[in-house]
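In case you want the letters, here they are:
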Amino acid sequence: MKPTKKHRTFLVLGSLIAIGIGASLLFAPGSFHASNGIELGSDASLLSEVRAPGGALLALGILIGIGAFVESFTLASTAIAAAVYLAYGGARLLSIALDGVPATGLLGAMATELLIGAACAVALVRSGPIAPRKQAAA
């Protein structure tokens, strides 16, 4: 899959956001959440539960970024970005329905997640069907 300039831009943006948020959650979860009025405290179990997805986001952000520059990984990277961002944005929509409206910053995060996720999903659809590779004859 050869990325267009717009596609590459969404992958780079998605990568940088995931890396930044992942690193913040992993290394400074208290400060990161405090920016939205959330107090984590010092409960080791809670901090572990917050840091774990931070590590996952950091790793996924790196994979998304690789696909922006390595054509053989662009399809996988785009699928990862679509899944991650649509899952986060969709989960925030569900949370609004179940729990009410969160802080303004989290609404902005949701809009960004849905935009990047949708853009990557559109790029996947436009890439056409994924044909299985033929095995080489022995």
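Because the structure is predicted, anything quoted here is derived from the model rather than measured.

Right, let's talk about the overall build of the chain for a bit. Scanning the chain for helices and strands turns up five helices and zero strands. When the helices and strands of the chain are placed in sequence order, the string is α-α-α-α-α. In terms of overall dimensions, the chain has C-alpha extents of about 60 × 30 × 25 Å along its principal axes. By the burial criterion, 25% of the 138 residues in the chain qualify as buried. Long-range contacts, defined here as pairs at least 24 residues apart, represent 69% of the contacts in the chain between residues at least 6 apart. Carbon and sulfur atoms make up 68% of the accessible area of the chain, which totals about 8,400 Å². Across the chain, the centroid of the 9 positively charged side chains sits 24 Å from that of the 6 negatively charged ones.

Turning our attention to the nonpolar core. In this structure, Leu 11, Leu 57, Ile 64, Ala 81, Tyr 85 and Cys 120 are the most contacted members of the largest nonpolar core, which totals 15 residues. The set of elements that each furnish at least two residues to this core consists of α1 (5-27), α3 (44-69), α4 (74-99) and α5 (104-126). Excluding anything up to four places from it in sequence, Leu 11 contacts Ile 64, Gly 67, Ala 68, Thr 74, Ser 77, Thr 78, Ala 81 and Cys 120.

A complete count under the given rule lists one salt bridge for this structure. With a shortest N-O distance of 2.8 Å, Arg 92 and Glu 113 are connected by a salt bridge. Of this pair, Arg 92 sits in helix α4 while Glu 113 is found in helix α5, placing the two residues 21 residues apart along the sequence.

Let us now look at the packing of α3 against α4. It is the contact of α3 with α4, at a shortest axis distance of 8 Å, that shows an interaxial angle of 140°. With respect to each other, α3 and α4 are oriented oblique. Along this stretch, α3 crosses α4, giving a crossing that reads as left-handed. From α3, Pro 53, Leu 57, Leu 60, Leu 63, Ile 64, Gly 65, Gly 67 and Ala 68 reach across to α4, where they touch Thr 74, Ser 77, Ile 80, Ala 81, Val 84, Tyr 85 and Tyr 88. Residues belonging to the contact of α3 with α4 are distributed by class as follows: 11 nonpolar, four polar and no charged.

Here the focus is a nonpolar patch on the surface. A contiguous nonpolar surface patch, about 430 Å² in accessible area, is contributed by Ile 62, Leu 63, Ile 66, Phe 69 and Val 70. Of note, Ile 62 is situated in helix α3. Owing to a relative accessible area of 43%, Ile 62 belongs among the partly exposed residues under this scheme.

Moving on: the side chain of Ser 77. Positionally, Ser 77 belongs in helix α4. Note on Ser 77: relative accessible area 0%, which makes it buried. At 3.5 Å, the side chain of Ser 77 forms a polar contact with the backbone oxygen of Leu 63. Excluding residues within four positions of it along the chain, Ser 77 makes contact with Leu 11, Leu 63, Ile 64, Gly 65, Gly 67 and Ala 68.

The next subject is the environment of Phe 73. Within the element layout of this structure, Phe 73 appears in the loop between α3 and α4. Once residues within four sequence positions are removed from consideration, Phe 73 is found in contact with Leu 63, Ile 66, Gly 67 and Ile 80.

Under the 1.5 Å per step criterion, the end-to-end length of α4 is 36 Å for 26 residues, consistent within 8% with the ideal 38 Å. Buried within α4 are the following residues: Thr 74, Ser 77, Thr 78, Ala 81, Ala 82, Val 84, Tyr 85 and Gly 89. Residues of α4 that are buried make contact with α1, α3 and α5. Downstream of α4 by a residue or two, Gly 100 has a phi angle that is positive, lying close to 105°.

Reading guide: rules and limits
Residues numbered from 1 in each chain as written. Predicted model: local features only at pLDDT ≥ 70, side-chain atom pairs only at ≥ 80, totals over all residues. Heavy atoms only, no water. Helix = DSSP H or I, 4+ residues; strand = E, 2+ residues; numbered from the N terminus. Buried < 20%, exposed > 50% of the residue type's maximum accessible area, 1.4 Å probe, protein only. Contact = heavy atoms within 4.5 Å. Areas by Shrake-Rupley, 256 points an atom, 1.4 Å probe, with all protein chains shown as cover. Lys, Arg positive; Asp, Glu negative; His and termini not counted. Charge placed at Lys NZ, Arg CZ, Asp CG, Glu CD. Core = buried A, V, L, I, M, F, W, Y, C linked by side-chain atoms within 4.5 Å. Salt bridge = Lys/Arg side-chain N within 4 Å of Asp/Glu carboxyl O. Axes fitted to C-alpha atoms, helices over the stretch in contact; angles between N-to-C directions. Parallel < 35°, antiparallel > 145°, perpendicular 65-115°, else oblique. Left-handed = near helix turned anticlockwise from the far one by under 90°. Nonpolar A, V, L, I, M, F, W, Y, C, P; charged D, E, K, R; others polar. Patch = residues over 30% accessible without salt bridge, like charges linked within 9 Å, V, L, I, M, F, W, Y side chains within 5 Å. Polar contact = N/O pair within 3.5 Å; in protein donor to acceptor, adjacent residues only side chain to side chain. Expected span 1.5 Å × (residues − 1).

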